[in-house]
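Examining the three-dimensional arrangement
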Amino acid sequence: LVRHGQSTYNEAIAGPGSWDEPQMYDAALTELGKSQAKGLGIELSKVPKDALWITSPLTRAMETCIIGRRAGLEVKAARMKEKAAMGTPSAQGETVKENIENAANTPDASSGPFDVEKAYQEWTQKLVIRADLTEKLCCTGDIGRPKRSLEKDFPELALAISRIPAERWWWDCEHRPNDAELQQFNSHEPRN
């Protein structure tokens with residue numbers, strides 16, 4: 001379980017006099033937040049390749065998930081490259097636990113060199129975005145955006161975003177436009 005990295009909203013309310021509502025909707029990660037997500041690489045490289053990855057449809061959570069997953073895959077690729085350069089078979093010199101983890105986390109050596117981009121693309125097809133993983137809706141930082149906005153900003157997650165039931169995510173209809181797009185905090189209710 002991973003919480004998102006520092007968001008622009010978190011940063012805005014962190015300093016002195018920060019009790020004022022910063023009016024930031026569906027906040028993205030700060031540079032520190034992106035660095036925090038990338039820092040997850042070593043731990044996330046240990047996650048089994050067939051694990052179920054689930055994220056919230058809030059931008060900060062999806063960014064943390066994407067950056068963390070890519071960092072984990074890069075760690076795996078570097079580990080495999082290092083072993084190949086040393087001419088060490090994967091099981092030699094490892095503890096039983098490391099041997100089991102590597103078998104569960106990396107493709108067969110017979111399938112050729114580990115391709116980070118291919119593994120990332122395969123992962124995006126299996127990622128699950130759960131609309132019920134939201135905040136408590138007490139400030140603008142808790143308000144998400146409609147699916148069409150997310151599809152535009154996260155094209156690589158189009159399949160996962162398309163699976164979010166329309167009626168289960170942020171309302172966006174003629175009689176009640178989306179707060180994040182209007183940049184107004186008009187409601188504590190995300191659904192129709």
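For the structure itself, consult the block above.
Owing to the predicted nature of the structure, the values given are computational and were not obtained by experimental measurement. Residue positions are given per chain, counting from 1 as you read along its sequence in written order. Two thresholds apply to this predicted model, a pLDDT of at least 70 for residue-level local features and 80 or more for giving and counting side-chain atom pairs, whereas whole-chain, interface and lining totals are computed over all residues. As a convention, hydrogens and water are excluded, and side-chain values are obtained from all of the structure's heavy atoms.

1. Focus: the pattern of salt bridges
Where charged atoms from two side chains of opposite charge come close, those side chains can pair. Salt bridge criterion: a side-chain nitrogen from Lys or Arg within 4 Å of a carboxyl oxygen from Asp or Glu. Taken as a whole, this structure holds 6 salt bridges when the rule is applied. Notably, a salt bridge pairs glutamate 31 with lysine 34, separated by 3.6 Å at the nearest N-O pair. One end of the pair, glutamate 31, and the other, lysine 34, are both in helix α2 (residues 31-38), 3 residues apart, so they sit about a helical turn from each other. Taking the shortest distance from any N to any O, the salt bridge between glutamate 43 and lysine 46 comes out at 3.3 Å. The buried label applies to any residue whose accessible area, calculated with a 1.4 Å probe on protein chains only, is under 20% of its type's maximum; exposed applies above 50%, and partly exposed to all values in between. The exposure class of lysine 46 is partly exposed, given its relative accessible area of 36%. Sharing partners across several salt bridges, the network here consists of Asp26, Arg145 and Asp153. Where helices and strands are cited, they refer to DSSP runs of H or I of at least four residues and of E of at least two residues respectively, numbered from the N terminus.

2. Looking at the packing of aromatic side chains
Each pair of aromatic rings taken from Phe, Tyr and Trp, with Trp reduced to its six-membered ring, is defined by centres within 6.5 Å and is described as stacked if the planes are under 30 degrees apart, edge-to-face if over 60, and tilted in the remaining cases. Taken as a whole and judged by the stated rule, the model has 2 aromatic pairs. Aromatic pair tyrosine 120 and tryptophan 123: ring centres 5.5 Å apart, planes at 35 degrees, arrangement tilted. Taken as a pair, tyrosine 120 and tryptophan 123 lie in helix α6 (residues 116-126) at a separation of 3 residues, close to a single helical turn. As far as burial versus exposure is concerned, tyrosine 120 and tryptophan 123 are alike and both buried. Members of the aromatic cluster, each reached through a chain of ring pairs, are Trp53, Tyr120 and Trp123. Residue placement shows arginine 70 over the ring face of tyrosine 120; its charged tip is 3.8 Å from the ring centre. Charge over a ring is defined by NZ of Lys or CZ of Arg lying within 6 Å of the ring centre and within 35 degrees of the ring normal.

3. Some words on helix α4 (residues 59-86)
Expected span of a helix: the number of residues minus one, times 1.5 Å. Taking 1.5 Å as the rise per residue, α4 with 28 residues should run 40 Å; its terminal C-alpha atoms sit 41 Å apart, in good agreement. Count one or two residues on from α4 and you reach glycine 87, which has phi positive near 70 degrees.

4. Some words on the environment of alanine 119
Along the chain, the position of alanine 119 falls in helix α6. It is 9.9 Å that separates the C-alpha atoms of alanine 119 and arginine 69, two residues lying 50 residues apart in sequence. With residues up to four places along the chain from it excluded, the contact list for alanine 119 reads Leu73 and Phe114. Any pair of residues with heavy atoms lying within 4.5 Å of one another is described as a contacting pair.

5. What about the packing of α2 against α4?
The contact between α2 and α4 brings their axes to 7 Å, and the two run at 40 degrees. If you check the angle between α2 and α4, you find them oblique. Between α2 and α4 the crossing geometry is right-handed. Taken together, the residues of α4 that come into contact with α2 (itself represented by Lys34, Ala37 and Lys38) are Thr64, Ile67, Gly68, Ala71 and Glu74. Gly counts as polar in this scheme, as do all residues outside two lists: the nonpolar Ala, Val, Leu, Ile, Met, Phe, Trp, Tyr, Cys and Pro, and the charged Asp, Glu, Lys and Arg. For the contact of α2 with α4, the residue count by class is 3 nonpolar, 2 polar and 3 charged. Between the N-to-C directions of two axes lies an angle of 0 to 180 degrees, each axis being a line fitted to C-alpha atoms and, for a helix, fitted only over the stretch in contact. An angle counts as roughly parallel when it lies under 35 degrees, as roughly antiparallel when it exceeds 145, as roughly perpendicular when it falls between 65 and 115, and as oblique in every other case. By definition, turning the near helix anticlockwise from the far helix through less than a right angle yields a left-handed crossing, and turning it clockwise yields a right-handed one.

6. Examining the nonpolar core
Soluble globular proteins tend to bury their nonpolar side chains together. Residues Leu127, Ile129, Phe154, Leu157 and Ile161 are the most contacted members of the largest nonpolar core, which totals 21 residues. For this core, the elements supplying multiple residues, two or more each, are α4, α6 and α8 (158-162). Broken down by element, this core gets its largest block of residues, 5 residues, from α4. Setting aside anything within four residues of it in sequence, one finds isoleucine 161 in contact with Ile129, Lys147, Leu150, Glu151 and Phe154. Only buried residues count toward a nonpolar core. Its members are Ala, Val, Leu, Ile, Met, Phe, Trp, Tyr and Cys residues joined through side-chain atoms within 4.5 Å.

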